[in-house]
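# Remarks on the overall topology
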Amino acid sequence: MHSLILFIKTYRPDFDRVKNLIESIEKYNKDEIPVIISVNDEDFDFFKSEFKDYNLYKDSDIITANNTDGWRYQQIIKSHVYRLDICKNYLCIDSDSEFIKDFYYSDFLYDDETPYTIMHESKPFLETMENIGLDSENIFFKEALRTTRTLFGNKGKEWDYGPSPYLWSCKVWNHFIEVYLKQRNKTFIDFFNEIDAVTSPSECVIYGEYLLKSKLIDIYPIEGFFKVYHYEKQYILEKKFHNIDKLKKMYLGIIFQSNWKKKTKRFKLF
């Protein structure tokens, strides 16, 4: 069993982005950390022909989920990677990501068993959100956090467990879904929909808050691995400082979120 894998969940419309991501992994993955790609069942043959040298899975090999809304659907898939039983930990990478410098196991693992935990107050990000006209008190991760905490009974500082890529322990997801939820006669979908009835759910918040509650692994907090431009307004504000050589001193990669041009709507996944 691998101590760590790079896990990519994608589908055909994101092919160009994921191809760029794979090229950056091939360039900078100095420890040759295994790469696993999961794709929608209907896109599997296409990706298999394009990425012959990679380990590909159909989404249904992980879990069968209703594909009503892609954003919520992919959260379900990502949260169940432990069911493949191939790794102890995984870095969950979105297709619109790109590595910009060499990376190693040691960037992600405290020891052979324990991943670092993305967990911080996100003050620089919140300041930037205020500067582009968004209310930092009601930003997306805080809204998801407050609703999720009511289900766990957690309290304390409002932690940010992102941004992507997310670093997760299979032990935590497995215990949450197979033990904690089953003891309460719930599925992950039940729990997910309880949050979705109030605000948009976040898989990284669910993971982080359950880890905070259960303390199943030792928590070694870190900030995010990538520089993420969540909004076009954010990039416009910061673009005069956008310098890859400088970013390499702090980050392993960069993300220009692919939803800049998309109209956002809220759907029920199930």
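Residues numbered from 1 in each chain as written. Predicted model: local features only at pLDDT ≥ 70, side-chain atom pairs only at ≥ 80, totals over all residues. Heavy atoms only, no water.

Right, let's get into the packing of helix H6 (residues 140-152) against helix H9 (residues 203-214). Direction vectors running N to C along H6 and H9 enclose 45°, while the axes themselves pass 10 Å from each other. The orientation of H6 relative to H9 falls into the category oblique. Considering only the axes of H6 and H9, their crossing is right-handed. Across the interface between the two elements, Phe141, Ala144, Leu145, Thr148, Arg149 and Phe152 from H6 touch Val205, Ile206, Glu209, Tyr210, Leu212 and Lys213 from H9. Its residues assigned to classes, the contact of H6 with H9 comprises eight nonpolar, one polar and three charged. (Axes fitted to C-alpha atoms, helices over the stretch in contact; angles between N-to-C directions. Helix = DSSP H or I, 4+ residues; strand = E, 2+ residues; numbered from the N terminus. Parallel < 35°, antiparallel > 145°, perpendicular 65-115°, else oblique. Left-handed = near helix turned anticlockwise from the far one by under 90°. Contact = heavy atoms within 4.5 Å. Nonpolar A, V, L, I, M, F, W, Y, C, P; charged D, E, K, R; others polar.)

Note that side chains of opposite charge can pair when their charged atoms are close. In total, this model carries 15 salt bridges according to the counting rule given. Among the salt bridges present, the one from Lys186 reaches Glu194, with a minimum N-O distance of 2.8 Å. What makes Glu194 partly exposed here is its relative accessible area of 31%. Here the salt bridges share partners, and the residues they tie into one network are Glu137, Lys142, Arg146 and Glu158. (Salt bridge = Lys/Arg side-chain N within 4 Å of Asp/Glu carboxyl O. Buried < 20%, exposed > 50% of the residue type's maximum accessible area, 1.4 Å probe, protein only.)

Most often, soluble globular proteins have nonpolar side chains that are buried together. Formed by 43 residues in total, the largest nonpolar core has its most connected members in Phe7, Tyr90, Trp168, Trp173, Phe176, Phe188 and Ile206. Of all the secondary-structure elements, those providing two or more residues to this core are strand E1 (5-10), helix H4 (70-79), strand E4 (89-93), H6, strand E7 (166-169), helix H7 (170-183), helix H8 (188-196) and H9. Residues contacting Phe176, with those up to four places away along its chain left out, are Phe152, Leu181, Phe188, Phe191, Ile206 and Tyr210. Membership of the second largest hydrophobic core comes to 33 residues, among which are Val18, Leu21, Phe108 and Val228. (Core = buried A, V, L, I, M, F, W, Y, C linked by side-chain atoms within 4.5 Å.)

This part takes up the state of the cysteines. Counting across every chain of the model gives zero disulfides. The thiol sulfur of Cys92 is not disulfide-bonded, and the nearest other cysteine sulfur, from Cys204, lies at 10 Å. A residue is classified by how much of its surface remains accessible, and Cys92, at 0% relative accessible area, is buried. Among the residues examined, Cys204 registers a relative accessible area of 6% and is labelled buried. (Disulfide = S-S within 2.5 Å.)

Here the focus is the environment of Thr148. On the secondary structure map, Thr148 appears in helix H6. Residue classification places Thr148 among the buried positions, given a relative accessible area of 0%. With 54 residues separating them in the primary sequence, Thr148 and Ser202 have C-alpha atoms 8.8 Å apart. Residues in contact with Thr148, not counting those within four places in the same chain, are Phe191, Ile195, Val205, Ile206 and Glu209. Here the side chain of Thr148 touches Ala144 through a polar contact of 2.7 Å, landing on its backbone oxygen. (Polar contact = N/O pair within 3.5 Å; in protein donor to acceptor, adjacent residues only side chain to side chain.)

Quick look at the sheet that holds strand E10 (residues 253-256) now. Strand-to-strand pairing in sheets goes through backbone hydrogen bonds, with the strands running parallel or antiparallel. In space, the three strands of this open sheet follow the order E5-E10-E9, with mixed pairing throughout. Looking at the sheet topology across the chains shown, the edges are occupied by strand E5 (97-99) and strand E9 (226-229). Each neighbouring strand pair of the sheet contributes to a mean axis angle of 15°, computed without reference to strand direction. By the bridge criterion, four bridges tie E9 to E10 in an arrangement that is parallel. Following the sheet pairing, Lys227 is matched in E10 by Ile254. (Pairing = 2+ DSSP bridges.)

Glancing now at H7. Within an α-helix, residues lying three or four positions from one another point in the same direction, as the helix has 3.6 residues per turn. When the terminal C-alpha atoms of H7 are compared, their 19 Å separation across 14 residues agrees well with the 20 Å that a helix rising 1.5 Å per residue should span. Considering bend angle alone, the principal kink of H7 is centred on Phe176 and spans about 35°. Residues Cys170, Val172, Trp173, Phe176, Ile177, Tyr180 and Leu181 constitute the buried set of H7. For H7, the secondary structure elements touched by its buried residues are H4, E4, H6, E7, H8 and H9. The backbone nitrogen of Lys171 has a side-chain oxygen 3.1 Å away, supplied by the residue at the start of H7, namely Ser169. The first or second residue beyond H7 is Asn185, which carries a positive phi of 55°. (Expected span 1.5 Å × (residues − 1). Bend = angle between axes of the 7 residues up to and from the residue.)

Let us look at H9. Taking 1.5 Å per residue as the helical rise, H9 with its twelve residues ought to reach 16 Å, and the 16 Å between its terminal C-alpha atoms agrees with that figure. For H9, the tally of buried residues reaches ten of twelve residues, placing the bulk of the element in the interior. Buried within H9 are the following residues: Glu203, Cys204, Val205, Ile206, Tyr207, Gly208, Glu209, Tyr210, Leu211 and Leu212. Those residues of H9 hidden inside the fold are in contact with H4, strand E6 (117-118), H6, E7, H7 and H8.

A few words on the packing of aromatic side chains. Scanning the model with the defined rule gives 35 aromatic pairs in all. Each ring, one from Phe46 and one from Phe47, has its centre 5.4 Å from the other, and the planes form 85°; the classification is edge-to-face. For Phe47, a relative accessible area of 0% translates into the label buried. When the ring centre of Phe44 is taken as origin, the NZ or CZ atom of Lys58, which lies over that ring, is 5.5 Å away. Looking at Arg184, its charged tip hangs above the ring of Tyr180, at a distance of 3.7 Å from the centre. (Phe/Tyr/Trp six-rings, centres within 6.5 Å; stacked < 30°, edge-to-face > 60°. Lys NZ or Arg CZ within 6 Å of the ring centre and 35° of its normal.)

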